[in-house]
Amino acid sequence: MEANKENQQSIEQAFEQALDAYKAGNFAEAAGQWLALAEDGCAPAQRALGSLYERGQGVEKNAENAFEWTKKAAEQNDPVAMFNLACYHDKGFGAKKNQQTALTWYRKAAEYGHPEAAALIASLIETGDRGLEKDMDEAVRWYQIAANRGNVLAMGRLAWLYSTGTGVPQDATFAFQYFSSCSGGNAACMMNTAILYARGEGTPHNAHEALYWAEQAKKHGAPQAEQLINAIKKNG
């Protein structure tokens, strides 16, 4: 058992060395190191090698190789590889386009905790796309899983659902929590955070915070931010 632990640590160290080479722009070196690990069955290396073939970094761009290495990692339950494989099936990259197979892999990736996959599954269930049955309770559950793992789109969607009472009980407190959580780089979330601070909905009224977030929204290109800034300055 101790030998297995040491072997795993050795694999992890070799993977990190390859990752360091990749970050330094030494793509060919990274590709060679990941190939050796991938051939020994290391799922993260297989996934990484697939991405190199997709982008043509350190190796000649090859869709079929990208698909095959990514598939090997996905079959070992690597959630990022599952999501990438779903995208390949969706686009017909390296294999014949198949949206139903893509959906299967998106769902598997979501079940293994991939936040973007969870947000996508939530959206498909909410809208009933790709033959999925509409189910707001299930959609909200997946949005929450995605949001809890940091997906900004899921946070924004949950905020909107709770602010309007669409599919969930209207709740300004939850709306504020989700809008403020996704306001780090999303102009719409910044605007809504500012509005809720200005109105004192879901959070105590705070003109200073409202103005701050409105100004941040303006910096990020929100079209109505200037109007909101003027209103906050006038009304407090």
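Everything in this summary refers to the structure shown in the same document. (Residues numbered from 1 in each chain as written. Predicted model: local features only at pLDDT ≥ 70, side-chain atom pairs only at ≥ 80, totals over all residues. Heavy atoms only, no water.)

Section: the overall build of the chain
Next, step 1: Check the secondary structure of the chain and you find 13 helices and 0 strands.
Next, step 2: Along its sequence from the N terminus, the chain presents helices and strands in the succession α-α-α-α-α-α-α-α-α-α-α-α-α.
Next, step 3: Dimensions along the principal axes, computed over C-alpha positions, put the chain at roughly 65 × 45 × 40 Å.
Next, step 4: Taken across its 236 residues, the chain has 40% of its residues classed as buried.
Next, step 5: For the chain, the share of sequence-separated contacts (at least 6 apart) that also reach a separation of at least 24 residues comes to 41%.
Next, step 6: Split by element, the accessible area of the chain, about 12,600 Å² in all, is 46% carbon and sulfur.
Next, step 7: Looking at the chain, you have 22 positive and 28 negative side-chain charges, and the mean spots of the two groups are 7 Å apart. (Helix = DSSP H or I, 4+ residues; strand = E, 2+ residues; numbered from the N terminus. Buried < 20%, exposed > 50% of the residue type's maximum accessible area, 1.4 Å probe, protein only. Contact = heavy atoms within 4.5 Å. Areas by Shrake-Rupley, 256 points an atom, 1.4 Å probe, with all protein chains shown as cover. Lys, Arg positive; Asp, Glu negative; His and termini not counted. Charge placed at Lys NZ, Arg CZ, Asp CG, Glu CD.)

A short note on the packing of aromatic side chains
Next, step 1: The tally for this structure, following the rule as stated, stands at 9 aromatic pairs.
Next, step 2: When the ring of Tyr22 is compared with that of Phe27, the centres are 5.1 Å apart and the planes differ by 45 degrees; the resulting orientation is tilted.
Next, step 3: Taking the centre distance of 5.6 Å and the plane angle of 55 degrees together, the rings of Phe83 and Tyr106 count as tilted. Highlighted residues: Phe83 in helix H5 (residues 79–91) and Tyr106 in helix H6 (residues 99–111), separated in sequence by 23 residues.
Next, step 4: A relative accessible area of 4% places Tyr106 in the buried class.
Next, step 5: The structure contains a cluster of three or more aromatic residues connected by ring pairs, namely Phe15, Tyr22, Phe27 and Trp34.
Next, step 6: The ring of Trp69 is capped by Lys72, whose NZ or CZ atom sits 5.9 Å from the centre of that ring.
Next, step 7: Directly above the ring of Trp142 sits Arg141, whose terminal nitrogen or CZ lies 4.7 Å from the centroid. (Phe/Tyr/Trp six-rings, centres within 6.5 Å; stacked < 30°, edge-to-face > 60°. Lys NZ or Arg CZ within 6 Å of the ring centre and 35° of its normal.)

Some details on the pattern of salt bridges
Next, step 1: The final tally for this structure, using the stated rule, is 5 salt bridges.
Next, step 2: The partner of Asp78 in a salt bridge is Arg47, and the shortest N-O contact between them spans 3.0 Å. With a gap of 31 residues between them, Asp78 in the loop between helix H4 (63–74) and H5 and Arg47 in helix H3 (residues 43–55) connect regions that are remote in the sequence.
Next, step 3: What makes Arg47 partly exposed here is its relative accessible area of 21%.
Next, step 4: Note that Arg130 is salt-bridged to Asp90, the shortest N-O span being 3.0 Å. Linking Arg130 in the loop between helix H7 (115–127) and helix H8 (136–148) with Asp90 in helix H5, this pair joins segments that are 40 residues apart in sequence.
Next, step 5: Overall, Arg130 belongs to the partly exposed group, its relative accessible area being 27%. (Salt bridge = Lys/Arg side-chain N within 4 Å of Asp/Glu carboxyl O.)

Quick notes on H7
Next, step 1: Taking 1.5 Å of rise per residue, 13 residues should cover 18 Å, and H7 covers 18 Å from first to last C-alpha, within 8% of that figure.
Next, step 2: All of the buried residues in H7 are Ala117, Ala118, Ala119, Ile121, Ala122, Leu124, Ile125 and Glu126.
Next, step 3: As for H7, its buried residues are in contact with H5, H6, H8 and helix H9 (152–164). (Expected span 1.5 Å × (residues − 1).)

Some points on the environment of Leu153
Next, step 1: Tracing the sequence through the fold places Leu153 in helix H9.
Next, step 2: Along the primary structure Leu153 and Pro115 are separated by 38 residues, whereas in three dimensions their C-alpha atoms are 9.9 Å apart.

Some remarks on the packing of helix H12 (residues 207–219) against helix H13 (residues 225–235)
Next, step 1: In the contact formed by H12 and H13, the axes pass within 9 Å of each other and the chain directions differ by 160 degrees. Considering the angle they form, H12 stands roughly antiparallel to H13. In this structure, the crossing between H12 and H13 has a hand that is left-handed. Residues Ala207, Ala210, Leu211, Ala214, Glu215, Ala217 and Lys218 of H12 form the contact with H13, whose participating residues are Ala225, Glu226, Leu228, Ile229, Ile232 and Lys233.
Next, step 2: Residues belonging to the contact of H12 with H13 are distributed by class as follows: 9 nonpolar, no polar and 4 charged. (Axes fitted to C-alpha atoms, helices over the stretch in contact; angles between N-to-C directions. Parallel < 35°, antiparallel > 145°, perpendicular 65-115°, else oblique. Left-handed = near helix turned anticlockwise from the far one by under 90°. Nonpolar A, V, L, I, M, F, W, Y, C, P; charged D, E, K, R; others polar.)

A word on the environment of Ala30
Next, step 1: Looking at the element boundaries, Ala30 is found in helix H2 (residues 27–39).
Next, step 2: Along the primary structure Ala30 and Ala139 are separated by 109 residues, whereas in three dimensions their C-alpha atoms are 39 Å apart.
Next, step 3: Those residues in contact with Ala30 that sit more than four places away from it in its chain are Ala18, Ala21 and Tyr22.

Regarding the packing of H8 against H9
Next, step 1: H9 packs onto H8 with a crossing angle of 135 degrees between their chain directions and a minimal axis gap of 8 Å. In terms of axis orientation, H8 runs oblique to H9. Handedness of the H8/H9 crossing: left-handed. Where H8 abuts H9, its residues Met136, Val140, Tyr143, Gln144, Ala146 and Ala147 lie against Ala154, Met155, Arg157, Leu158, Leu161 and Tyr162.
Next, step 2: Of the residues in the contact of H8 with H9, the class split is 10 nonpolar, 1 polar and 1 charged.

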